[in-house]
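# Structure assessment
Residues per chain, in single letters:
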Amino acid sequence: MADVIVVGGGIIGMTAALRLRERGADVVLWTPVGPADTVSAVAAAVWYPTGLAFDPRLLAWAGATYESFRRQAHDGVPGVLMRETRNLERDGATGEPWWAPAAGRVRCLPIAAPWTRELRFAAPMAEMGVYLPWLRDRFERAGGRVVRRRVDRLEEALAEAPVVVNATGLAAGSLCGDPEVHPVRGQIVLVANPGVFVSVRDQSDPATYVHPRTRDVVLGGTFQVDDWNTTPDPATRHAILERCLALVPELAGAPVVGEKVGLRPARRGGPRVEAEKWPGGTVVHAYGHGGAGMTLSWGCADEVARLAL
Ligand SMILES: Cc1cc2nc3c(=O)[nH]c(=O)nc-3n(C[C@H](O)[C@H](O)[C@H](O)COP(=O)(O)OP(=O)(O)OC[C@H]3O[C@@H](n4cnc5c(N)ncnc54)[C@H](O)[C@@H]3O)c2cc1C
């Protein structure tokens, strides 16, 4: 019998499983799909607390995650980069944003209308196509086991371990009866990288973002609440391309190399990371990270390990 079964192999389940293993637990991770078929693999995966308001727990998790990725980028972990980032605001806000203490050095610069200010900072980014397999490999090398398995009920895992981590993303809503879980649809377009290195995020509605990776650039986005449609919409693709090219004209002529849709596992009330007694054992919930799963991942993994052990 394992000490802990982590159900879910996205960024939240993977980081939690690795932290638990590092703390000496015998850990098995159950996932019905490989890393490439998770929502996490669709993410632009740039550090930024999208859609979240101040909460001391979120700030702590975001700060711990920033620091973990910063160290990993420094150590040359595959897929992890630091990117200079320009946040273009339109809402006339003044003063430090709530997340600034987590983000290293944040500079505030003047900018012409329609924007009201520019925030500049260095943000970690994880190229998930490389990073998630690296995480799985590292977990397995540390003695963790990955099993291809879907559950219909979390009790199936509780029958095989005293502690179960519920990191099932959007599926958590039905698996533990949480009506606050819902999808926020995101469509992105990928273009070949013509040589841009700075991330740009425009606080338009919907927010427009340009996130350069090693080979391609992630262009977005959409934030469609309660929309379950996973098929890319051509009109949305055109609109994203138009907005992003207006923002970063150097992208003109860059060939489109991909298009993806992901359903962000959002939760009214914010992410749920807490332990709950169930008949047969303890369930540690770790779901509902919405548009910020990468941003909160390592901080949440520490919290999950603390709750589980
Ligand atoms: C377009 C887009 C852009 C994004 N950009 C960013 C960004 O820049 N920065 C950022 O921080 N976040 C970003 N996100 C959000 C981020 O992708 C999510 O917050 C994150 O992926 C959530 O991770 P997760 O592990 O909870 O969920 P998932 O990646 O969905 O993983 C859930 C896991 O649970 C498994 N599972 C589900 N049901 C069952 C079951 N019944 N039995 C067993 N296993 C099950 C799944 O197979 C999967 O392995 C973006 C999302 C999208 C869609």
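I will try to describe carefully the structure that is included in this document. (Residues numbered from 1 in each chain as written. Predicted model: local features only at pLDDT ≥ 70, side-chain atom pairs only at ≥ 80, totals over all residues. Heavy atoms only, no water.)

## A closer look at the packing of helix α1 (residues 11-22) against helix α7 (residues 293-308)
Two numbers describe how α1 lies on α7: the axes approach to 8 Å, and their chain directions differ by 40°. As summarised for this structure, α1 and α7 are arranged oblique, according to the angle between their axes. When you trace α1 past α7, the crossing you get is right-handed. Contacts between α1 and α7 involve Ile11, Ile12, Thr15, Ala16, Leu18, Arg19 and Leu20 on the former and, on the latter, Gly293, Met294, Ser297, Trp298, Ala301, Asp302, Val304, Ala305 and Ala308. Of the residues in the contact of α1 with α7, the class split is 11 nonpolar, three polar and two charged. (Axes fitted to C-alpha atoms, helices over the stretch in contact; angles between N-to-C directions. Helix = DSSP H or I, 4+ residues; strand = E, 2+ residues; numbered from the N terminus. Parallel < 35°, antiparallel > 145°, perpendicular 65-115°, else oblique. Left-handed = near helix turned anticlockwise from the far one by under 90°. Contact = heavy atoms within 4.5 Å. Nonpolar A, V, L, I, M, F, W, Y, C, P; charged D, E, K, R; others polar.)

## Some points on the packing of aromatic side chains
Scanning the model with the defined rule gives seven aromatic pairs in all. When the centroid spacing of 5.4 Å and the interplanar angle of 75° are considered together, the rings of Tyr48 and Trp99 count as edge-to-face. Here Tyr48, found in the loop between β2 (27-31) and α2 (56-75), pairs with Trp99, found in the loop between β3 (80-89) and β4 (107-109); they are 51 residues apart in sequence, far enough to count as distant. Residue class for Trp99 comes out buried when judged on its relative accessible area of 4%. Seen in terms of ring centroids, Tyr131 and Trp134 are 5.7 Å apart; in terms of plane orientation they differ by 20°. Their pairing is stacked. Here Tyr131 pairs with Trp134, and both are found in helix α3 (residues 128-141), just three residues apart, close to one helical turn. (Phe/Tyr/Trp six-rings, centres within 6.5 Å; stacked < 30°, edge-to-face > 60°. Buried < 20%, exposed > 50% of the residue type's maximum accessible area, 1.4 Å probe, protein only.)

## Some words on the pattern of salt bridges
It is possible for side chains of opposite charge to pair when their charged atoms get near one another. Following the criterion strictly, the structure yields 24 salt bridges and no others. Arg19 is paired through a salt bridge with Glu22; the nearest N and O atoms lie 3.0 Å apart. Here Glu22 and Arg19 lie together in helix α1, a separation of three residues that amounts to about one turn. A residue is classified by how much of its surface remains accessible, and Arg19, at 16% relative accessible area, is buried. Between Arg149 and Glu156 there is a salt bridge, with its nearest N and O atoms 3.6 Å apart. Using a relative accessible area of 28% as the deciding quantity, one classes Arg149 as partly exposed. (Salt bridge = Lys/Arg side-chain N within 4 Å of Asp/Glu carboxyl O.)

## Points about the site of the ligand
Near the ligand, the surroundings consist of 37 residues, among which Gly9, Ser40, Gly290, Gly293 and Thr295 are the closest. Contact distances for the ligand include 3.5 Å between an oxygen atom and a backbone N or O atom of Val39. Here Gly291 contributes a backbone N or O atom positioned 3.1 Å from a nitrogen atom of the ligand. For the ligand, whose free accessible area comes to 1,000 Å², the fraction covered by protein is 94%. (Near = heavy atom within 4 Å. Polar contact = N/O pair within 3.5 Å; in protein donor to acceptor, adjacent residues only side chain to side chain. Areas by Shrake-Rupley, 256 points an atom, 1.4 Å probe, with all protein chains shown as cover.)

## Topic: the side chain of Asp216
Note that Asp216 resides in strand β11 (residues 216-220). According to the relative accessible area criterion, Asp216 is buried, its value standing at 14%. The residues touching Asp216, leaving out its near neighbours within four places in the chain, are Leu190, Val191, Ala192, Asn193, His211 and Val257.

## With respect to the packing of α2 against α7
Across the interface, α2 lies against α7 with an axial gap of 6 Å and an inter-helix angle of 105°. Of the possible angle classes, the one that applies to α2 and α7 is roughly perpendicular. Of the residues in α7, those in contact with Arg57, Leu58, Trp61, Ala62, Ala64, Thr65, Ser68, Phe69 and Gln72 of α2 are Met294, Thr295, Leu296, Ser297, Trp298, Gly299, Cys300, Asp302 and Glu303. Here the residues of the contact of α2 with α7 sort into nine nonpolar, six polar and three charged.

## With respect to unusual backbone geometry
Note that the residue after Ala113, namely Pro114, is joined by a cis bond; omega there is 10°. The topology assignment puts Pro114 in the loop between β4 and β5 (117-126). Between Asp205 and the following residue, Pro206, the backbone shows a cis peptide bond with an omega angle of 0°. Although it is not a glycine, Ala45 sits at a positive phi angle of roughly 55°. Position of Ala45 relative to the elements: it lies in the loop between β2 and α2. The exposure class of Ala45 is buried, given its relative accessible area of 6%. Notably, Asp226 is not glycine yet its phi reads approximately 65°, a positive angle. With respect to the helices, strands and loops of the structure, Asp226 is situated in the loop between β12 (224-225) and α6 (234-247). Relative accessible area serves as the criterion here: at 44%, Asp226 is assigned to the partly exposed category.

## Re the nonpolar core
The biggest cluster of nonpolar side chains holds 61 residues, and the ones touching the most others in it are Leu20, Trp47, Tyr131, Leu135 and Val165. Per-element tally for this core: the top contributor is α7, with eight residues. Those residues in contact with Leu20 that sit more than four places away from it in its chain are Val4, Val6, Ala25, Val27, Val165, Val304, Ala305, Ala308 and Leu309. (Core = buried A, V, L, I, M, F, W, Y, C linked by side-chain atoms within 4.5 Å.)

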